[in-house]
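Each chain, letter by letter, is given below.
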Amino acid sequence: MKTILDIISEHLSEAFVSAGYDGKYGRASVSNRPDLCEFQCNGALAAAKEYKKAPIMIAQDVAGVLKDDDAFDEISAVAPGFLNLRLNGPFLTGYLDRMAADEKFGLTVKDKPDTTVIDYGGPNVAKPLHVGHLRSAIIGEAVKRIMLYMGDEVTGDIHLGDWGLQMGLIMTELRHREPDLPYFDEDFEGEYPSEPPFTLSELEEIYPAASARSKNDEEYKEEAMNDTFLLQQGDRGRSALWKHIMNVSIPDLKKNYEKLNVSFDLWKGESDAKPYIDGMVSMMKDTGLAYESQGALVVDVKEETDSKEMPPCMILKSDGAALYTTTDLATIAERKKLIDPARMVYVADKRQEMHFVQVFRCARKTGVIGEDVKLDFLGFGTMNGADGKPFKTRDGGVMRLEALLDDINEEMYKKIRDNHEVDEDEARATASVVALAAVKYGDLSNQATKDYIFDIDKFTSFEGNTGPYILYTIVRIKSILNKFTGDGGSLEGLEFNTSPVDTEKALMLELIRFNQVIASAYEELAPHKICAYIYDVANAFNRFYHENRILNEENAARKAGFLKLLDLTKRLLETGIDILGFSAPEKM
Ligand code: ARG
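Conventions adopted
Residues numbered from 1 in each chain as written. Predicted model: local features only at pLDDT ≥ 70, side-chain atom pairs only at ≥ 80, totals over all residues. Heavy atoms only, no water. Helix = DSSP H or I, 4+ residues; strand = E, 2+ residues; numbered from the N terminus. Buried < 20%, exposed > 50% of the residue type's maximum accessible area, 1.4 Å probe, protein only. Contact = heavy atoms within 4.5 Å. Areas by Shrake-Rupley, 256 points an atom, 1.4 Å probe, with all protein chains shown as cover. Lys, Arg positive; Asp, Glu negative; His and termini not counted. Charge placed at Lys NZ, Arg CZ, Asp CG, Glu CD. Pairing = 2+ DSSP bridges. Axes fitted to C-alpha atoms, helices over the stretch in contact; angles between N-to-C directions. Patch = residues over 30% accessible without salt bridge, like charges linked within 9 Å, V, L, I, M, F, W, Y side chains within 5 Å. Salt bridge = Lys/Arg side-chain N within 4 Å of Asp/Glu carboxyl O. Near = heavy atom within 4 Å. Polar contact = N/O pair within 3.5 Å; in protein donor to acceptor, adjacent residues only side chain to side chain. Left-handed = near helix turned anticlockwise from the far one by under 90°. Nonpolar A, V, L, I, M, F, W, Y, C, P; charged D, E, K, R; others polar. Expected span 1.5 Å × (residues − 1). Phe/Tyr/Trp six-rings, centres within 6.5 Å; stacked < 30°, edge-to-face > 60°. Lys NZ or Arg CZ within 6 Å of the ring centre and 35° of its normal.

### Considering the overall build of the chain
Regarding its fold elements, the chain presents 20 helices and 13 strands. If you line up the chain on its principal axes, its C-alpha atoms span 90 × 65 × 40 Å. Burial analysis of the chain (588 residues in total) assigns 52% to the buried set. Partitioning the contacts of the chain with sequence separation of at least 6, the portion at a separation of at least 24 is 73%. Counting only carbon and sulfur atoms, one obtains 49% of the accessible surface of the chain, whose full area is about 26800 Å². If the 69 positive side-chain charges of the chain are averaged to one point and the 99 negative ones to another, these points end up 4 Å apart.

Printed below as a string of structure tokens:
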């Protein structure tokens, strides 16, 4: 279904042509002065140059033609040459009728889906999840859902960090603590124990200890690098230990992502790229593009137009160990082979931008991937604390994701208890649904690339541009509709009001933007556009709600129109939050 702006523009174009001007000038936009009009067209101003005529005269000519167009109730040509328009009621409700009857509310989905891989989450195994990973999960999940809604075939891959130095550090620390473990005995030929030599909480303590020690102890760090190298070479004991680390960490990660309502189709990691590394490296060497520099293997990725310095992309370290770039390049080869996507989208901290520029350029230059496959990096900013610095715990440590979610759950729970009497269990259950919306909306409502301040008070507020406000609005609508149907009313066969009252029309005008908003959120991988839309809809609804009696409206036809509008508003808001990755409770 065409967007409302396209339809209005078609009417305008025809009018320009009928009045003797080029149709290209008939482009509509949403009015930035809603007090004066709903839509406007500035084409006469541009046309004035071509026709050497005063813009107001052109606007008047076009307005003269539009007088007979029943899409509009009001058309005025105003100085210096604007066309101000108001939509005709039946024309507007005709559009709403078509939206309400359509499964995707008038969104034109892609006729040919793109097979897309989205790489997000990216936690590092055995390191506790911290708030930095929160953004990747939240934004990635929303972008995946936008692409799915638009009709793409999408595979979400968590791309675990499971192959780097942290694995070696854990092994080194473990050897220092328990030198007799069979994993480190080169002569051991038996079966390794099936039980891991640590619990999850031990593992969570081992990594930070090892990481801290490696910072002051050069020899220890060398050991850890050697363990990493041996693991990457397929050493038997270290591979067995690696499996234990994975088996202990992954269930915990799954539990954490589940709480966030984030799910992945693939739980692959850097290590899965291993079988692709050797072939890729020899291909890069064969083409002559990979060369040795100070012992390391590199590929130049500088381009003439670069304004910033662009170091060569490192393929292997001097000891032959794989790097972050190596596994990312080999993962592209792996995805090409196993999925053959038309597009790969990466959601990671924007401070990794250089890494991705290098990887993308290197992949293209060396033929790991063809020009036909789109590679996109969606870099996000930092989540800061009230002090404007990266979010920390009260004592200055790295904030763990679990702790953060517990805090916000608690805060939400208190608010819900204070608001009205509910029993403990119900309040807890509602609090967790609303808290998730608070966190996700707080994040997604900002443009992803920007830093933002994580403000628990603001995010959990029921007023203002927040997740709880959106949910509260949905709950309000649901309770009105439930009351109506509970009293025997039916939502079938209702008709929109073709002569809507002001606040009702304002709400209608917000709703009809749905298809346009989703399409542009998709084009720009921009969930914040959906947040802005549902916020506008919620505001328009609440204004309408405060100015009108709905269930007590005496005019039956008018009441039916109100209810029909409520029903569509609810469905659009629910669809919006579902695309963003959260849901609304029944009561609040
Ligand atoms: N594990 C990485 C980190 O914590 C993020 C991974 C992003 N994805 C990728 N394909 N490099 O920084």
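### Examining the sheet that holds strand β7 (residues 290–293)
In spatial order, the strands read β7-β8-β9; together these three strands make up an open sheet with antiparallel pairing. Since the sheet does not close on itself, it has two edges, and those belong to β7 and β9 (313–316), each with one partner. This sheet shows a mean twist of 45° between the axes of neighbouring strands, independent of strand direction.

### Some words on a negative patch on the surface
A cluster of acidic residues, D185, E186, D187 and E189, forms a negative patch at the surface. Within the element layout of this structure, D185 appears in the loop between α6 (165–177) and α7 (200–216).

### Description of the environment of N124
Within the secondary structure layout, N124 lies in the loop between β5 (115–119) and α5 (131–150). Exposure remark for N124: the relative accessible area of 22% places this residue in the partly exposed category. Sequence spacing of N124 and P390 is 266 residues, and the spatial spacing of their C-alpha atoms is 19 Å. Setting aside residues no more than four positions away along its own chain, N124 makes contact with H133, G161 and Q166.

### Some details on the pattern of salt bridges
One pass over the structure, following the stated rule, counts 45 salt bridges. Between R145 and D578 there is a salt bridge, with the nearest N and O atoms lying 3.4 Å from each other. Taken together, the residues R145 in helix α5 and D578 in helix α20 (residues 556–580) connect sequence positions 433 residues apart. Since its relative accessible area comes to 45%, D578 is described here as partly exposed. Ionic pairing is found between E586 and K478, a salt bridge with its closest N-O pair at 3.1 Å.

### Concerning the site of the ligand
If you check the shell around the ligand, you find D119, G122, N124, H133, H159, Y324, D328, Y346, Q352 and F356 and nothing else. Between the ligand and D119 there is a distance of 2.9 Å, counted from a nitrogen atom to a side-chain nitrogen or oxygen. Between the ligand and the protein, one listed contact pairs an oxygen atom with a side-chain N or O atom of H133 at 3.1 Å. In isolation the ligand exposes 350 Å². Once the protein is present, 87% of that is buried.

### Observations regarding the packing of α6 against helix α8 (residues 218–232)
Contact geometry of α6 with α8 gives a least axis separation of 7 Å together with a crossing angle of 115°. You can see that α6 and α8 cross each other, and the crossing is right-handed. On α8, the residues that touch L165, M167, G168, L169, M171, T172, E173, R175 and H176 of α6 are Y220, K221, E223, A224, M225, D227, T228 and L231. Taken together, the residues that form the contact of α6 with α8 break down as eight nonpolar, four polar and five charged.

### Let's talk about unusual backbone geometry
The linkage connecting A79 with the following residue, P80, adopts the cis geometry, with an omega of 0°. Locating P80 in the fold gives a position in the loop between β3 (72–78) and β4 (82–87). Its identity as a non-glycine residue notwithstanding, K52 has a phi of 45°, on the positive side. Here K52 is to be found in the loop between α2 (43–51) and α3 (55–66). Its identity is not glycine, yet N261 carries a phi of approximately 55°, on the positive side. Inspection of the secondary structure puts N261 in the loop between α9 (236–259) and α10 (274–286). What makes N261 partly exposed here is its relative accessible area of 33%.

### Overview of the sheet that holds strand β2 (residues 39–41)
Spatially, the four strands line up as an open sheet ordered β1-β2-β4-β3, and their pairing is antiparallel. The open sheet has two edge strands with one neighbour each: β1 (28–30) and β3. The mean angle between the axes of side-by-side strands here comes to 25°, regardless of whether they run parallel or antiparallel. Where β1 and β2 come together, three bridges link them in antiparallel fashion. By the bridge assignment, A28 is partnered in β2 with C41. Sitting on the sheet, α3 touches β3 and β4, and the angle it makes with β3 is about 165°.

### Regarding the pairing of β7
As paired elements, β7 and strand β8 (residues 296–299) share four bridges and run antiparallel to each other. Bridging from a neighbouring strand, S293 pairs with A296 of β8. Taking the residues that link successive antiparallel strands as the turn, the β7-β8 hairpin has two residues, and the phi of Q294 there is positive, at about 50°.

### Some details on helix α13 (residues 401–419)
Taking 1.5 Å of rise per residue, the 19 residues of α13 would be expected to cover 27 Å, and the 27 Å separating its terminal C-alpha atoms lies within 8% of that figure. Of all the positions in α13, only L401, L404, L405, I408, E411, M412, Y413 and I416 are classed as buried. Taken together, the buried residues of α13 touch α5, β12 (383–384), α14 (424–444), α15 (456–459) and α16 (467–486).

### A look at the packing of aromatic side chains
Summed over the entire model, instances satisfying the criterion amount to 26 aromatic pairs. Taking 6.5 Å as the distance between ring centres and 40° as the angle between the ring planes, the aromatic pair formed by F16 and Y25 counts as tilted. An angle of 55° between the planes, with centres 5.9 Å apart, marks the rings of F356 and F360 as tilted. One end of the pair, F356, and the other, F360, are both in helix α12 (residues 353–365), four residues apart, so they sit about a helical turn from each other. For F356, a relative accessible area of 3% translates into the label buried. Joined through ring pairs, the aromatic side chains of F16, Y21, Y25 and Y51 make up one cluster. It is K104 that lies over the ring of Y149; its NZ or CZ is 4.5 Å from the centre. Over the aromatic face of F184 sits the side chain of R175, whose NZ or CZ is 4.9 Å from the ring centroid.

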